[in-house]
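# Observations on chain architecture
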Amino acid sequence: MTAAALARREAVAQLVAAMLAEKFGRSSDVAVALATRVRFKELVAAGKWDEAIEIMHDVPLNFPYIDRLFLADVDGTLQADMPALPGVRGIDFSSRDWFRGVSRNWQPYVSPVYTRAGAPKLNVFAIAVPVKNTAGRVMAILVLKIHIENWLQWLAEIDLEKDASTYIVDSEGQLAFHSKHGGQKEIVNLSSMPIVQKLRRGEQGVEIGFDAAGHEQSITAYAAIPGYGWGVVVQQPVRSSHALAARDNQLRQLLVGYGLILLFGLTTAILILRIVSARQKAESDRQLQATLERHVLERTMELQAANRELEAFSYSVSHDLRAPLRSIDGFSLALLEDYAERFDDQAKDYLNRIRSATQRMGHLIDDMLILSRVTRVEMRRAPVDLSALATNVLEELQKNEPERKVDWRVEPALTAEGDVDLLRMVLANLLDNAWKYTARQKLPRIEVGMARNAGGAMEFFVRDNGVGFDMAYAGKLFGAFQRMHSASEFPGTGVGLAIVQRVIHRHGGQVRGEAAVGRGATFYFTLPV
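What this report covers is the structure whose coordinates are included nearby. Quick caveat: nothing in here was measured; it's all calculated off a predicted structure.

All right, on to the sheet that holds strand E17 (residues 511-515) then. Strand order across the open sheet formed by five strands is E13-E15-E16-E18-E17, with mixed pairing between neighbours. With one partner strand each, in any of the chains shown, strand E13 (407-410) and E17 form the two edges of the open sheet. Averaged over all neighbouring strand pairs, the angle between strand axes comes to 20°, with direction disregarded. Of the strand pairs in this sheet, strand E16 (residues 458-464) and strand E18 (residues 521-525) are connected by five bridges, and their pairing is antiparallel. Bridge pairing in E18 links Asp464 to Ala521. Lying on the sheet, helix H12 (residues 386-400) is in contact with E13, strand E15 (445-452) and E16; it crosses E13 at an angle near 160°.

Structure, rendered in structure tokens:
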């Protein structure tokens, strides 16, 4: 009974930690999405801070847990805020934790909890994300102040047993939220407590011991929130635990039973004890299972709703955007065929350009849909023969251009673990690029193999002796619709390498490129072998 009681508390702590990890991820995604708006980045790049922050005026209405937004330059000086507060613009915030955190590696950062300076005094934490231009240079920092009481309001509504409570500690070991003490203004430092020290080390578990905060024996389950340094503690006094109270009651009955053995017999006493215990355990397990099933169902419904929205967007792109493009292309062709004698050469050139642009837009839509599906398609992992895949792709390229003589070589026995369709897409994009960019070489050469990098790890590679590219622009390689060469030189939409990167990342690998202008390019990637 003790083991069952502890296991149930531990399961609740782990479930809350998993839900909070997802909620942190969603909130960070909101911040990244706001920071990557095209118009917002253009205004920031132009130094129009007030206009940039004005774009965000509806954000606090759409996300009530966002208390404020502000925009700082790369040195940490506040340039604009929403809602605006008097006298704060121009203040240097480089000493704040959120600035030190985001500027460490220019990645999204979640700060510890703190009390904001302005009235009313609220406990908040900050999500800071860099605002980058198309070249990847950091131009500014967007900061969302999250009102932690509103953000965690759902946590106070979780149905726990009598006198049980849940509290959250941040990455500094401070009490960020307590389900029994809503609206608490003072931030308490709990970093000296052994449970909190375990959470900061990323541990999880459950134990019975003296609780310094409640000054009594308690059941304490704890679980770290992975990736953020925060933690969850679910606590209940031993005196109010139904399971442990039942355990103590059964122990007392057992002692009395020894006295009753002389009167009623050992067999009857043991039988009654087992029946009572089994019923209590069955009821407790049923309640725990119902709670877990409810949470799983809620999360499943949320995921299904998100997938339906993505499918609706894909359908809209696939059908609603294609229809006007087909009309433009069709009517342009009709003008060229039916009224050719009325147009001069310049007019015909204009119509041909219109057709070319609409067809290119159609290719862009196709590639955009492929890019979105790559991250949503279900992966089926199995051993994959990369040598066979690469050979098949190169044979198809040679078949499509039989007049070209390309010296291509594939190292035998290249194998990895992954999804065969997605990995074929990787090799198809890399080899298609190699085939395309060696078109001007007298002796074109393409090679697929495996080599050991400077760190001693094995990497697959696709190498060619084509036109190459300037490594100064390597940061743009894997961005969607980013191109190193103009469309007039080499056809394409600039999505292929973005697809390659997303597939490799889904497999848990890394991809990089090395090249020199006029001396070819090599793309390296890692996969589970």
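Now that the structure has been shown, the text picks up again.
Turning to the side chain of Arg116, a few remarks are in order. With respect to the helices and strands, the residue Arg116 is situated in the loop between strand E4 (114-115) and strand E5 (123-132). On the accessibility criterion, Arg116 (10% relative accessible area) is buried. If sequence neighbours within four positions are ignored, Arg116 has contacts with Asp67, Arg68, Lys121, Leu122, Val124 and Lys145.

With antiparallel pairing, five strands are arranged side by side in an open sheet as E8-E7-E11-E10-E9. Looking at the sheet topology across the chains shown, the edges are occupied by strand E8 (175-178) and strand E9 (204-211). Sheet twist, expressed as the mean angle between neighbouring strand axes with direction ignored, is 25°. Note: strand E7 (residues 165-169) against strand E11 (residues 231-237), five bridges, orientation antiparallel.

Here we take up the nonpolar core. In this structure, Leu69, Leu71, Phe125, Leu142 and Trp230 are the most contacted members of the largest nonpolar core, which totals 48 residues. Counting residues per element, this core draws most heavily on helix H1 (residues 2-35), at 10 residues. In contact with Phe125, other than residues within four places in its own chain, are Phe24, Val110, Ser111, Pro112, Val113, Tyr114, Leu144, Lys145, Ile146, Ile148, Trp151 and Trp230. One finds Leu386, Val500, Ile504 and Ala521 within the second-largest nonpolar core, a separate group that totals 39 residues.

So, about empty space enclosed by the protein. Throughout the structure, instances matching the rule amount to two cavities of 30 Å³ or more. Volume-wise, the second largest cavity comes out at about 30 Å³. Along its surface, the second largest cavity is lined by Leu386, Leu414, Leu427, Val448, Gly449, Phe460, Phe461, Val462 and Phe525. Secondary-structure elements contributing two or more residues to the lining of the second largest cavity are E15 and E16. Among the elements that make up the lining of the second largest cavity, the one with the highest residue count is E16 (three residues). Here the residues of the lining of the second largest cavity are counted per class, giving eight nonpolar, one polar and no charged.

Quick look at the packing of aromatic side chains now. Inspection of every chain in the model, using the stated rule, returns 14 aromatic pairs. Measuring from ring centre to ring centre gives 5.1 Å for Phe24 and Trp230, while their planes differ by 70°; the resulting arrangement is edge-to-face. Of this pair, Phe24 sits in helix H1 while Trp230 sits in the loop between strand E10 (216-224) and E11, placing them 206 residues apart in sequence. For the pair formed by Phe24 and Trp230, the shared burial category is buried. Note on Phe125 and Trp230: the rings are 5.4 Å apart at their centroids and 65° apart in plane angle, and the pair reads as edge-to-face. Here Phe125, found in strand E5, pairs with Trp230, found in the loop between E10 and E11; they are 105 residues apart in sequence, far enough to count as distant. The exposure classification of Phe125 matches that of Trp230, with both residues buried. Members of the aromatic cluster, joined through ring pairs, are Phe24, Phe125, Trp151, Tyr228 and Trp230. The ring of Tyr65 is capped by Lys23, whose NZ or CZ atom sits 5.7 Å from the centre of that ring. Here the basic side chain of Arg512 rests over the ring of Tyr524, its NZ or CZ set 4.2 Å away from the ring centre.

Definitions and cut-offs
Residues numbered from 1 in each chain as written. Predicted model: local features only at pLDDT ≥ 70, side-chain atom pairs only at ≥ 80, totals over all residues. Heavy atoms only, no water. Pairing = 2+ DSSP bridges. Helix = DSSP H or I, 4+ residues; strand = E, 2+ residues; numbered from the N terminus. Axes fitted to C-alpha atoms, helices over the stretch in contact; angles between N-to-C directions. Contact = heavy atoms within 4.5 Å. Buried < 20%, exposed > 50% of the residue type's maximum accessible area, 1.4 Å probe, protein only. Core = buried A, V, L, I, M, F, W, Y, C linked by side-chain atoms within 4.5 Å. 1 Å grid on protein atoms, 1.4 Å probe; cavity = no way out; pocket = protein on both sides within 12 Å on 5 of 7 lines; lining within 4 Å. Points joined across faces, edges and corners; volume = space filled by probe spheres on them. Nonpolar A, V, L, I, M, F, W, Y, C, P; charged D, E, K, R; others polar. Phe/Tyr/Trp six-rings, centres within 6.5 Å; stacked < 30°, edge-to-face > 60°. Lys NZ or Arg CZ within 6 Å of the ring centre and 35° of its normal.

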